[in-house]
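# Residue-level structural notes
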Amino acid sequence: NLTIQTAKELDDSVLWMKSLMAPTTVTKPQEQLMENERRLLQALDLAVALKDKKTEAAVSMYLSIVYSDKGEHEKVLSFVKRSLSLRKGSSSESVSCIALGNAYQRIGMQDSADYYLEQGKELQTKEMFAEASSVIKRQSEETVKKAKEDYFYLRILLIMFILYLL
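As the structure is a prediction and not an experimental result, all values here were calculated from the model.

### Quick word on the overall build of the chain
A tally of helices and strands in the chain yields seven helices and zero strands. Mapped from its N terminus to its C terminus, the chain presents α and β elements in the order α-α-α-α-α-α-α. Buried residues in the chain amount to 29% of all 166 residues. At a minimum sequence separation of 6, the contacts of the chain that also span at least 24 residues come to 44%. Per element, the accessible surface of the chain, about 11,400 Å² overall, is 59% carbon and sulfur.

This is the structure in structure tokens:
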């Protein structure tokens, strides 16, 4: 892959990691899964070495998908749990909770599945409210700023009018 080669030549770890996460062009499904797994494991090693928790969480989630496609459910659970632990308190936590619920559902652990699916839904609701609140706050701040600017310009116009009358 040209991007990986360029990243190595430039000694750009981040570019290398991102290129490893990109989809492969292998045409046989089993070979593609193996290639994706290999590249994602390399990307994971780089993310850990760079202490990039966000990318480590994303790569862990991608690996869980690869292992799900391969039917390796214990590895799915392991990588989804890893992703969830790295995403605690972030806006992506709900995605990991729902993925963990789905993973538990696939292996027949319905109580655990229900718990994490419910947690994911609750987190999504909180995230939506937080986002809506943030938008409203930004709009309010912009409205107040605009009103202050308008008030300032009105005062200047009033002063100019008074000076004109004198």
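### A word on the packing of helix H3 (residues 29-49) against helix H5 (residues 73-87)
Relative orientation of the contacting elements H3 and H5 amounts to 30 degrees, with a least axis distance of 15 Å. By the criterion of interaxial angle, the relationship of H3 to H5 is roughly parallel. Between H3 and H5 lies a crossing whose hand is left-handed. Residues Glu37, Leu41, Leu44 and Val48 of H3 form the contact with H5, whose own contacting residues are Lys75, Phe79 and Arg82. Partitioned by chemical class, the residues of the contact of H3 with H5 number four nonpolar, no polar and three charged.

### Thoughts on the environment of Thr125
Tracing the chain through its elements places Thr125 in helix H7 (residues 110-165). Taking the C-alpha atoms as reference points, Thr125 and Ser94, separated by 31 residues in sequence, lie 9.2 Å from one another.

### As for a nonpolar patch on the surface
On the surface, Phe152, Tyr153, Leu154, Ile156, Leu157 and Met160 cluster together to form a nonpolar patch covering roughly 640 Å² of accessible area. For Ile156, the position within the fold is in helix H7. Classification of Ile156 by relative accessible area gives partly exposed; the value is 32%.

### Regarding a negative patch on the surface
Residues Asp111, Asp114, Glu118 and Glu122 make up a contiguous surface patch of negative charge. Mapping Glu118 onto the fold places it in helix H7. By relative accessible area, Glu118 is classed as partly exposed at 40%.

### Considering the packing of aromatic side chains
If you walk through the whole model with that rule in mind, you get three aromatic pairs. Ring geometry for Tyr67 versus Phe79: centroids 5.5 Å apart, planes at 20 degrees, classification stacked. Note that Tyr67 is positioned in helix H4 (residues 53-70) and Phe79 in helix H5, a separation of 12 residues in sequence. On the basis of relative accessible area, Phe79 is assigned to the buried category, the value being 12%.

### Focus: the nonpolar core
One finds Val59, Leu63, Val80 and Leu100 to be the most contacted residues of the largest nonpolar core, which totals 21 residues. Of all the secondary structure elements, the ones that give two or more residues to this core are H3, H4, H5, helix H6 (93-106) and H7.

Cut-offs applied
- Residues numbered from 1 in each chain as written.
- Predicted model: local features only at pLDDT ≥ 70, side-chain atom pairs only at ≥ 80, totals over all residues.
- Heavy atoms only, no water.
- Helix = DSSP H or I, 4+ residues; strand = E, 2+ residues; numbered from the N terminus.
- Buried < 20%, exposed > 50% of the residue type's maximum accessible area, 1.4 Å probe, protein only.
- Contact = heavy atoms within 4.5 Å.
- Areas by Shrake-Rupley, 256 points an atom, 1.4 Å probe, with all protein chains shown as cover.
- Axes fitted to C-alpha atoms, helices over the stretch in contact; angles between N-to-C directions.
- Parallel < 35°, antiparallel > 145°, perpendicular 65-115°, else oblique.
- Left-handed = near helix turned anticlockwise from the far one by under 90°.
- Nonpolar A, V, L, I, M, F, W, Y, C, P; charged D, E, K, R; others polar.
- Patch = residues over 30% accessible without salt bridge, like charges linked within 9 Å, V, L, I, M, F, W, Y side chains within 5 Å.
- Salt bridge = Lys/Arg side-chain N within 4 Å of Asp/Glu carboxyl O.
- Lys, Arg positive; Asp, Glu negative; His and termini not counted.
- Charge placed at Lys NZ, Arg CZ, Asp CG, Glu CD.
- Phe/Tyr/Trp six-rings, centres within 6.5 Å; stacked < 30°, edge-to-face > 60°.
- Core = buried A, V, L, I, M, F, W, Y, C linked by side-chain atoms within 4.5 Å.

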